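Structure assessment
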Amino acid sequence: MPATSVVGLQWGDEAKGKIVDILTERNDIVVRYQGGANAGHTVVMDGQTFKLSLVPSGIFRPEVQCVIAAGVVINPPSLLQEIEGLVSRGIQVSKNLMVSTRAHLIFPWHFEEDRLMNESTSGEAIGTTMRGIGPCYRDKVGRSYAIRLGDMYRDNFADRVEQIVAAKRKILTGLGCTEDSFLLDAKKIHAQYCDYAERLRPFVGDTTAYLLDAVEANKKVLFEGAQGALLDIDHGTFPFVTSSNSSGVGVPSGSGVPGRWVTKVLGIVKAYCTRVGGGPFPTEQDNAIGQHIREKGNEYGTVTRRPRRCGWFDVVAARYTARLSGVDSLAVMLLDVLSELPELQICTAYELDGKRIMNFPDHVEDLRRVVPVYESMPGWQEEISHIRRFADLPQQARDYLDRLSVLVGRPVEVVSVGPDRQQTIFANDVHNA
Ligand code: GDP
Ligand code: IMO
Ligand code: MG
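For the structure given in this document, a descriptive report is provided here. (Residues numbered from 1 in each chain as written. Chains lettered and ligands numbered in written order. Predicted model: local features only at pLDDT ≥ 70, side-chain atom pairs only at ≥ 80, totals over all residues. Heavy atoms only, no water.)

Digging into the coordination of the magnesium ion (ligand 3)
Within the protein, the atoms that donate to the magnesium ion (ligand 3) are Asp13 (OD) and Gly40 (O), at distances of 2.0 to 2.2 Å. Linking Asp13 in the loop between strand S1 (3-8) and helix H1 (16-24) with Gly40 in the loop between strand S2 (29-32) and strand S3 (41-45), this pair joins segments that are 27 residues apart in sequence. (Donors = N, O, S within 2.8 Å, 3.2 Å for Na, K, Ca; no water. Helix = DSSP H or I, 4+ residues; strand = E, 2+ residues; numbered from the N terminus.)

Written out as structure tokens, the structure reads:
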């Protein structure tokens, strides 16, 4: 039973980092396989908070191998800074981190393109994290202007940078930039990246071969999804998505490990729903309830500190993404945030053009027009952050979890009642016995 995958089923920030950190104990290898430093995964332990963007959330257990696989896009200074930040706080980051030679690199022009494209969109902006993610993936698919991590160690690296800088100058000027504003100096960029290459050298390897050997040797591998399935480039709320396959379907392509090795998929959801950036959000509560959730749940972006949009749990969306990602069971996170609300709403269906629908619309403009159909449940008033057993949760909280489970069609395996590792309830109570 080698591989487990952890996938966010909403629009990101479902607390995947917390779950991955906990599950690391039962695994040999933890793998990030898509996205980049647009991700912000939080792990809280012993009163310390760690925010990770590229390094897998398994890094806190030095006996476990962490892998940044081929499908991830990397801005080398961000990765180096993250590693140095961890090391300075006493976390071991050495041979226990391996980074793929095949991962694509983010360069200064990608940041510039991200900013320009976001500004130039007519209508609602995607509202990206401005980390150069979309432009880097665009160049990866386009191939001509792409540079991978392993390319930095090849003889023609300087020539490649020079050619691409010449092309990017034309592109950026065409997009309305003045040369002074983007200052692309090929020699300087090459020198900087050679320095990054040397500093990254101890970590670089063929992660695809490593992971294939690992699963064939029956090692336990944990895949850490970034973003959430509704931000999936192919199956999410396009174009208000990220540029990678952030649902469960991304595991094989991003890691090189065939899907047949993944024997367990844990779907991570918040007990409500949030979204950062643009795009439709049918159950959004742009009112006192949304504000209550935002403040109680500290719903401000981990990467950009933007206030997250907050709303009720959306079963139509979660059922869709649970099926899409092949989810076996659910982890329901941030349940404590719902304490004190007198009444909770669950969106059980949508109405579109007067018809009731259960399927998640395949066009963003239809999703904009849906009217959520809500089922109401009584809330609970007491704080629950100290509770460690399912049976000790208030009856209303258990009823709420049961109802989510029935509606999404998956058992609830884990419940989280606070950010700390300890503030976790396993439905089977094995860990609490
Ligand atoms: P990720 O991107 O999916 O890893 O999630 P983020 O780290 O961006 O956002 C989740 C936030 O919720 C972080 O600040 C966590 O520390 C916090 N968190 C995780 N679980 C809980 C919980 O059960 N209750 C509360 N109140 N906060 C939580
Ligand atoms: P984690 O892993 C929440 C959102 C951005 C924007 C859209 C595209 O922490 O859950 P991008 O920079 O990727 O081109 O932005 O996707 N987004 C996230 N939202 N959590 C994330 O990651 C996100 N990564 C990207 O806000 O709407
Ligand atoms: Mg996050």
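A closer look at the site of ligand 2
In the region of ligand 2, 20 residues are neighbours, and Asp13, Lys16, His41, Thr129 and Thr242 sit closest. Residue Asp13 places a main-chain N or O atom 2.8 Å away from an oxygen atom belonging to ligand 2. Within the contact set of ligand 2, an oxygen atom lies 3.0 Å away from a backbone nitrogen or oxygen of Val276. Of the pockets mapped on this structure, ligand 2 occupies the largest pocket. Partitioned by chemical class, the residues of the shell around ligand 2 number seven nonpolar, ten polar and three charged. (Near = heavy atom within 4 Å. Polar contact = N/O pair within 3.5 Å; in protein donor to acceptor, adjacent residues only side chain to side chain. 1 Å grid on protein atoms, 1.4 Å probe; cavity = no way out; pocket = protein on both sides within 12 Å on 5 of 7 lines; lining within 4 Å. Sits in = over half its atoms within 2 Å of the grid points. Nonpolar A, V, L, I, M, F, W, Y, C, P; charged D, E, K, R; others polar.)

Describing the layout of surface pockets
Taken as a whole, the largest pocket spans an internal volume of roughly 790 Å³. Around the largest pocket, the lining is made up of 41 residues, and of these Ile126, Thr128, Thr129, Val241 and Thr242 lie nearest the centre. Those elements that place two or more of their residues in the lining of the largest pocket are helix H3 (108-120) and helix H4 (133-142). Among the residues making up the lining of the largest pocket, the classes are represented as 14 nonpolar, 18 polar and nine charged. Estimated volume of the second largest pocket: approximately 570 Å³. For the second largest pocket, the lining is made up of 30 residues, of which Thr42, Gly297, Arg308, Leu334 and Pro419 are closest to its centre. (Points joined across faces, edges and corners; volume = space filled by probe spheres on them.)

Some remarks on helix H2 (residues 76-88)
The terminal C-alpha atoms of H2 lie 18 Å apart, and with 13 residues this matches the ideal 18 Å at 1.5 Å per residue to within 8%. Inspection of H2 places Pro76, Leu79, Leu80, Glu82, Ile83 and Leu86 among the buried residues, and these make up the whole buried set. On an axial view of H2, the arc spanned by its buried residues comes to 160°, and they lie on one face. Those residues of H2 that are exposed and angled more than 90 degrees off the buried face are Gln81 and Ser88. Turning to H2, the residues buried within the fold contact strand S4 (48-52), strand S5 (65-68), strand S6 (73-74), strand S7 (97-100), strand S8 (104-105) and helix H7 (186-200). Residue Gly90 follows H2 closely and has a positive phi angle near 85°. (Expected span 1.5 Å × (residues − 1). Buried < 20%, exposed > 50% of the residue type's maximum accessible area, 1.4 Å probe, protein only. Arc of directions from axis to C-beta. Contact = heavy atoms within 4.5 Å.)

Things to note about the side chain of Asn96
Inspection of the secondary structure puts Asn96 in the loop between H2 and S7. Apart from the residues within four sequence positions on either side, Asn96 is in contact with Ile59, Pro62, Val64, Gln65 and Cys66.

Topic: the pattern of salt bridges
As enumerated under the stated definition, the model contains 23 salt bridges in all. Of the charged contacts, one joins Glu299 and Lys270 as a salt bridge, the two residues approaching to 3.0 Å between their closest N and O atoms. Separated by 29 residues along the polypeptide, Glu299 in the loop between helix H10 (288-296) and strand S13 (309-311) and Lys270 in strand S11 (residues 262-270) bring together distant segments of the chain. As far as burial versus exposure is concerned, Glu299 and Lys270 are alike and both buried. When the shortest N-O distance is used, the salt bridge between Arg369 and Asp366 registers 3.1 Å. Of this pair, Arg369 and Asp366 both sit in helix H12 (residues 364-369), three residues apart, roughly one helical turn. Residue class for Arg369 comes out partly exposed when judged on its relative accessible area of 43%. Counted as one network, the salt bridges with shared partners bring together Asp13, Lys270, Glu299 and Arg308. (Salt bridge = Lys/Arg side-chain N within 4 Å of Asp/Glu carboxyl O.)

Let's talk about the sheet that holds S2
The ten strands are arranged S9-S7-S5-S2-S10-S1-S11-S15-S19-S20 in an open sheet whose pairing can be described as mixed. Of all the strands in the sheet, the pair left with one neighbour each is strand S9 (204-205) and strand S20 (424-426). Relative to strand S19 (residues 412-416), strand S15 (residues 329-333) runs parallel, the two sharing three bridges. Opposite Leu330, over in S19, you have Val412 as the bridge partner. (Pairing = 2+ DSSP bridges.)

Details of the nonpolar core
Ile74, Leu335, Leu393 and Tyr400 are the most contacted members of the largest nonpolar core, which totals 112 residues. Once you skip the residues sitting within four places of it in the chain, Ile74 turns out to touch Leu54, Ile68, Leu79, Val99, Ala103, His104, Leu105, Ile106 and Leu149. In terms of nonpolar packing, the next biggest core, distinct from the first, is built from 13 residues, Cys273, Tyr350, Leu352 and Leu367 among them. (Core = buried A, V, L, I, M, F, W, Y, C linked by side-chain atoms within 4.5 Å.)

Regarding the packing of aromatic side chains
Given two aromatic rings, their pairing is described by the distance between the two centres and the angle made by the two planes. Under the definition given, this model contains nine aromatic pairs. Here Tyr33 and Phe223 contribute two aromatic rings whose centre-to-centre distance is 6.0 Å and whose plane-to-plane angle is 80°, an arrangement assigned as edge-to-face. With Tyr33 in the loop between S2 and S3 and Phe223 in strand S10 (residues 221-224), the pair connects residues that are 190 residues apart, well separated along the chain. Phe223 shares its class with Tyr33; the two are buried. Here Phe107 and Trp109 contribute two aromatic rings whose centre-to-centre distance is 4.6 Å and whose plane-to-plane angle is 5°, an arrangement assigned as stacked. In this pair, the class of Phe107 matches that of Trp109, namely buried. (Phe/Tyr/Trp six-rings, centres within 6.5 Å; stacked < 30°, edge-to-face > 60°.)

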